[in-house]
Amino acid sequence: GQQVMQIPQYQHVQEGEDFTTYCNSSTTLSNIQWYKQRPGGHPVFLIQLVKSGEVKKQKRLTFQFGEAKKNSSLHITATQTTDVGTYFCLRGGGSEKLVFGKGTKLTVNP
Amino acid sequence: EPEVTQTPSHQVTQMGQEVILRCVPISNHLYFYWYRQILGQKVEFLVSFYNNEISEKSEIFDDQFSVERPDGSNFTLKIRSTKLEDSAMYFCASIRGRRDTEAFFGQGTRLTVV
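Residues numbered from 1 in each chain as written. Chains lettered and ligands numbered in written order. Predicted model: local features only at pLDDT ≥ 70, side-chain atom pairs only at ≥ 80, totals over all residues. Heavy atoms only, no water.

1. Some details on the sheet that holds strand β1 (residues 5–7) of chain B
Strands in a sheet are paired, the pairing made by backbone hydrogen bonds, and the direction either parallel or antiparallel.
All names here are of chain B.
So, point 1. Taken in spatial order, the 4 strands make up an open sheet running β1-β3-β8-β7, and their pairing is antiparallel. In this open sheet, the two edge strands, each paired with only one partner strand, are β1 and β7 (65–68). The sheet shows a mean angle of 20 degrees between the axes of neighbouring strands, taken without regard to direction.
So, point 2. Bridging between strand β3 (residues 19–24) and strand β8 (residues 75–79) involves 5 bridges; their strand directions are antiparallel. Counterpart to I20 in the pairing with β8 is K78. (Pairing = 2+ DSSP bridges. Helix = DSSP H or I, 4+ residues; strand = E, 2+ residues; numbered from the N terminus. Axes fitted to C-alpha atoms, helices over the stretch in contact; angles between N-to-C directions.)

Put into structure tokens, the structure is as follows:
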């Protein structure tokens, strides 16, 4: 399956600053999933977005799915050192394989 | 909370040797996957398994690789003759059903081929 393009590839922030990563697809997506992988860890599911224009929040994390269902974003408000890791947006899921891109690697300076 | 377990956590093997990586998916899950991640690189799909057969495999999953679900609980990945470039973290993942979304990943097995 075609992977979703994600930017930036790397982001370094000071603790307390906000962070956003963006995903774009050339084709309409039925859904998009977000995963986080801590350094040395395994991917962990964060959320799935399905509906056009959908916005979901998990504490300081805000996930958006574009109106055209071709892009998505993850915004973290007031980053903490525990937010460090690589964030992936992926198409697929359910019984379909997940296709990982390079993700966005976030580092947070305390 | 249910989890996918993988053993061993770290395996060191000599080039040319066979290795078997073991996974115990969550008990009521039906779809199983192996992924690998070479150090510093992205997570790559290897194979998916459903209903006791391979449903999809990547170009990486050549004749050196095989998967089995021998006893209804374990899900194994065998590499027949390891090469140096097989050194990577191998993740097992499972999904409950066709309509479910969340993939649960194990902690991984770090394979080092020397």
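That shown, we press on.
2. Examining the pattern of salt bridges
Two side chains with opposite charge may pair up if their charged atoms get near one another.
So, point 1. Under the definition given, this model contains 4 salt bridges over all chains.
So, point 2. Between D83 of chain A and R60 of chain A there is a salt bridge, with the nearest N and O atoms lying 2.9 Å from each other. You can see D83 of chain A sitting in the loop between β8 (71–76) and β9 (85–90) and its partner R60 of chain A sitting in the loop between β6 (55–58) and β7 (61–65), a full 23 residues away along the chain.
So, point 3. Where R36 of chain B meets E44 of chain B, a salt bridge forms, and the shortest distance between an N and an O atom there is 3.1 Å.
So, point 4. Residue E44 of chain B is classed as partly exposed on the basis of its relative accessible area of 21%. (Salt bridge = Lys/Arg side-chain N within 4 Å of Asp/Glu carboxyl O. Buried < 20%, exposed > 50% of the residue type's maximum accessible area, 1.4 Å probe, protein only.)

3. Focus on the interface of chain A and chain B
So, point 1. Counting residues at the interface gives 18 residues for chain A, matched by 19 residues for chain B.
So, point 2. Buried area between chain A and chain B, summed over both chains or domains, comes out near 1,600 Å², and the portion from carbon and sulfur atoms is 56%.
So, point 3. Applying the counting criterion to the chain A and chain B interface returns 1 salt bridge.
So, point 4. The closest approach of N and O atoms between K97 of chain A and E56 of chain B, which form a salt bridge, is 2.8 Å. (Contact = heavy atoms within 4.5 Å. Buried area = accessible area lost by both parts, 1.4 Å probe.)

4. Some words on unusual backbone geometry
So, point 1. Going from I7 of chain A to P8 of chain A, the amide bond is cis rather than trans, its omega being -5 degrees.
So, point 2. Inspection of the secondary structure assignment puts P8 of chain A in the loop between β1 (5–7) and β2 (10–14).
So, point 3. Here the bond from T7 of chain B into P8 of chain B is cis, since omega is -10 degrees, no more than 30 degrees from zero.
So, point 4. Mapping P8 of chain B onto the fold places it in the loop between β1 and β2 (10–13).
So, point 5. In this structure, N51 of chain B takes a positive phi of about 55 degrees despite not being glycine.
So, point 6. Turning to its location among the elements, N51 of chain B is positioned in the loop between β5 (44–50) and β6 (53–57).
So, point 7. Classification of N51 of chain B by relative accessible area gives exposed; the value is 57%.
So, point 8. The phi dihedral of N52 of chain B is positive, around 65 degrees, even though this residue is not glycine.
So, point 9. Here N52 of chain B is to be found in the loop between β5 and β6.
So, point 10. Residue classification places N52 of chain B among the exposed residues on the basis of a relative accessible area of 59%.

5. A word on the nonpolar core
So, point 1. Formed by 21 residues in total, the largest nonpolar core has its most connected members in W34, L46, F61, V67, F75, L77 and Y90 of chain B.
So, point 2. Among the secondary structure elements, those contributing two or more residues to this core are β3, β4 (31–37), β5, β7, β8, β9 (88–95) and β11 (109–113) of chain B.
So, point 3. Residues contacting F61 of chain B, with those up to four places away along its chain left out, are L46, V47, I54, S66, V67 and L77 of chain B.
So, point 4. Residues L29, W34, F63 and L106 of chain A belong to the second largest nonpolar core, which totals 19 residues. (Core = buried A, V, L, I, M, F, W, Y, C linked by side-chain atoms within 4.5 Å.)

6. Remarks on the pairing of β9 of chain B
All names here are of chain B.
So, point 1. Across the 8 residues that make up β9, a large majority, 8, are buried.
So, point 2. Neither face of β9 is left uncovered, since the one carrying A88, Y90, C92 and S94 and the one carrying M89, F91, A93 and I95 both have all their residues buried.
So, point 3. Across 7 bridges, β4 lies against β9 in antiparallel orientation. Across the sheet, W34 pairs through a bridge with C92, a residue of β9.
So, point 4. Bridge analysis of β9 against β11 gives 3 bridges, and the strand direction is antiparallel. Directly across from A88, in β11, lies its bridge partner L111.

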